[in-house]
Amino acid sequence: MLAEALLAAGADVERDEVAPGRPNLVARFGRAPRPDEPPDARAEPGGVLFLGHSDVVPAGPGWTGDPFEPRRDGDTIIGRGTTDMRGGLAAVVHAMRAVHACAPELAMTLVCTVDEEVDATGALHHIAHAPRHRFSACLVAEPTGLVTITGCRGATNLRIDVAGASAHAGRPASGASAILAATDVVAAIEADHARLAGTPHEVLGAATWSVGTIEGGHGTSIVPDRCTLSVDRRNLPGEEPGTILADLLADARARIGERARPGTDRIALAGAVEMTMPGFVTDPDSALVTTVRDVVRSVGGTGDVGVWTAACEGGFLAAHHEVPTLVLGPGDVIGQAHQPDERVAVSDLLTAARAYALIALRSAHHHHDDAAAPMRASTATLTGATP
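The text that follows walks through the structure, step by step, so that each part is easy to find.

Below, the discussion takes up the sheet that holds strand 5 (residues 76-78). A sheet is described by the order of its strands in space; here three strands give the open sequence 4-5-16, paired in antiparallel fashion. The sheet is open, and its two edges are formed by strand 4 (71-73) and strand 16 (343-345), each paired on a single side. Adjacent strand axes in the sheet meet at a mean angle of 30 degrees, parallel and antiparallel pairs treated alike. Here helix 2 (residues 82-102) sits on the sheet in contact with strand 5 and strand 16, set at roughly 40 degrees to strand 16. Contacting strand 4, strand 5 and strand 16, helix 8 (residues 346-363) crosses the sheet at an angle of about 60 degrees to strand 16.

The structure is reproduced here in C-alpha cells:
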C-alpha cells in the first residue's frame, strides 16, 4: 500500500530486498539522487531525506478491538503502529504528494526500512549498498510529539552467557552456580552504570545500562550450569560496542574471581553484540534546527527542541550520508507507542504533514516569501484529506 500511494503521488519507487519477503522501500521525487548515479561532491544536495520503518512490534494483550484493523474514534486513529510509526509515514507521503504537485522539480527521498524494531537489518542493508549521496537534511518521522529532536544515544543489545557446572542441590559445593556468577555480572553492570552517570555527554546525557532478562537453570534441586542475560546499553558517540562488551566481561570475571565461591574455576563467561544502533548529534543552534523549529511553530506546534531517550535508525544515515539529522514526528513515543489501543490524533498527522512540506520546500533554498505561494496550494491539499 505504501508503494502504491507513493507511485500515485508521482514518485519513482524502488523495492530493495533485504530478506525474502522483507524489502526496503526507496521513493524519489524530482532530482533526488538515483542509485545508479555516482556520488558527486560538487552536486547540489538532493533535498530532504525522510526516514521511516515499515515494521511494528507485536500487538500483545489488552486491546479493545482488533489491533490490526484501524478504527476511528473522534480525532484519533487506533491500531498497532499508528504512532510507531505508520502515522509518521502517512504524514511524509501526504507532504511529498502536496510538494510534488506544486514543485515537481524539487528533490525529496523517502527511505522506509524493514525490521527496525528487531535488529535494524533494513538500515544495515541500506548503508551497505546505497551510494553516499548528499542531502540537505535527514528527518526521521518517529513520534516525538512534534518536538525537534537534535540527537539520541546509540543502543546496543548484548547477550551474556554464563557457564557453570551442575550438581545436586543437596551438595552445591560439588557444582558451580551459573546463576550466582550472573549476580556478579549484574554487579559489574550496576557499578558501571553509576560511573557513567558521573560523566554525561553535554547534549545527550549519560550512557546507561539496563538488564532486560535473566534466564537459567533447570530446576529447584539442581545447581544451575547455565544462565543468560540480555542487556541494553545506551552508548554515546565514540563508544565501540565491542569494547563495551570486553570491558564488562573483564570486570565481571574479576568480581567472580574475588568471590572465591565453590567451583569458581569452572565458571566461564562469553558475550555477543546482538544489535547495535548508532546515535547522532546535530547542533541545536544550527540553521537547520532554527528553520525546522520556525516551521513547526508556523503550523501550530510549540517549536520545542530536545534529545531523545529512545534510539532510532537516524544514526546510520547520519554517518553514511554525512547529513545533519533530526527526529520529528506525530504521536507520543512514551505514552502511545508499543501499548494496547495505540493511537494517534488525525490533527497531529496533518500538522506533521504541513511541517514536512514546508521543510522540504525550504530545503531547496526557497526564502520564506518564495515558499508562501506554493504552500497555499499545498496547505489546501493537506487540509482536505486524511493520511
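That was the structure; now back to the text.
Attention now moves to the packing of helix 1 (residues 2-9) against helix 2. At their nearest, the axes of helix 1 and helix 2 sit 9 Å apart, and the two run at 15 degrees to each other. Comparing their axes, helix 2 and helix 1 come out roughly parallel. In this structure, helix 1 crosses over helix 2, and the sense of that crossing is right-handed. Of the residues in helix 2, those in contact with Leu2, Ala5, Leu6 and Ala9 of helix 1 are Val93, Met96, Arg97 and His100.

A word on the state of the cysteines. Applying the stated rule across the entire model yields zero disulfides. Counting only cysteine sulfurs, Cys138 is the nearest neighbor of Cys112, a cysteine outside any disulfide, at a range of 13 Å. A disulfide-free cysteine, Cys312 has its sulfur positioned 4.1 Å from the sulfur of Cys152, the nearest such atom. Judged by its relative accessible area of 0%, Cys312 is buried.

Now for the pattern of salt bridges. Charged atoms that come close allow side chains of opposite charge to pair. Taken as a whole and assessed by the stated rule, the structure comprises 16 salt bridges. One salt bridge connects Arg28 with Glu14, and the closest N-O pair in it is separated by 3.2 Å. Of this pair, Arg28 sits in strand 2 (residues 22-29) while Glu14 is found in strand 1 (residues 12-19), placing the two residues 14 residues apart along the sequence. A residue is classified by how much of its surface remains accessible, and Arg28, at 11% relative accessible area, is buried. Judged by relative accessible area, Glu14 falls into the partly exposed class, the value being 25%. Two residues, Asp73 and Arg343, come together in a salt bridge whose shortest N-O distance is 3.8 Å. With a gap of 270 residues between them, Asp73 in strand 4 and Arg343 in strand 16 connect regions that are remote in the sequence. Judged by relative accessible area, Asp73 falls into the partly exposed class, the value being 45%. Taking relative accessible area as the criterion, Arg343 reaches 26% and is therefore assigned partly exposed.

What follows concerns helix 1. Turning to helix 1, its buried residues are Ala3, Leu6 and Ala9. Buried residues of helix 1, viewed axially, fall in a sector of 125 degrees; they line one side. Immediately downstream of helix 1, the backbone of Gly10 shows phi near 105 degrees, a positive value.

Here is what the cut-offs are and how they apply
- Residues numbered from 1 in each chain as written.
- Predicted model: local features only at pLDDT ≥ 70, side-chain atom pairs only at ≥ 80, totals over all residues.
- Heavy atoms only, no water.
- Pairing = 2+ DSSP bridges.
- Helix = DSSP H or I, 4+ residues; strand = E, 2+ residues; numbered from the N terminus.
- Axes fitted to C-alpha atoms, helices over the stretch in contact; angles between N-to-C directions.
- Contact = heavy atoms within 4.5 Å.
- Parallel < 35°, antiparallel > 145°, perpendicular 65-115°, else oblique.
- Left-handed = near helix turned anticlockwise from the far one by under 90°.
- Disulfide = S-S within 2.5 Å.
- Buried < 20%, exposed > 50% of the residue type's maximum accessible area, 1.4 Å probe, protein only.
- Salt bridge = Lys/Arg side-chain N within 4 Å of Asp/Glu carboxyl O.
- Arc of directions from axis to C-beta.

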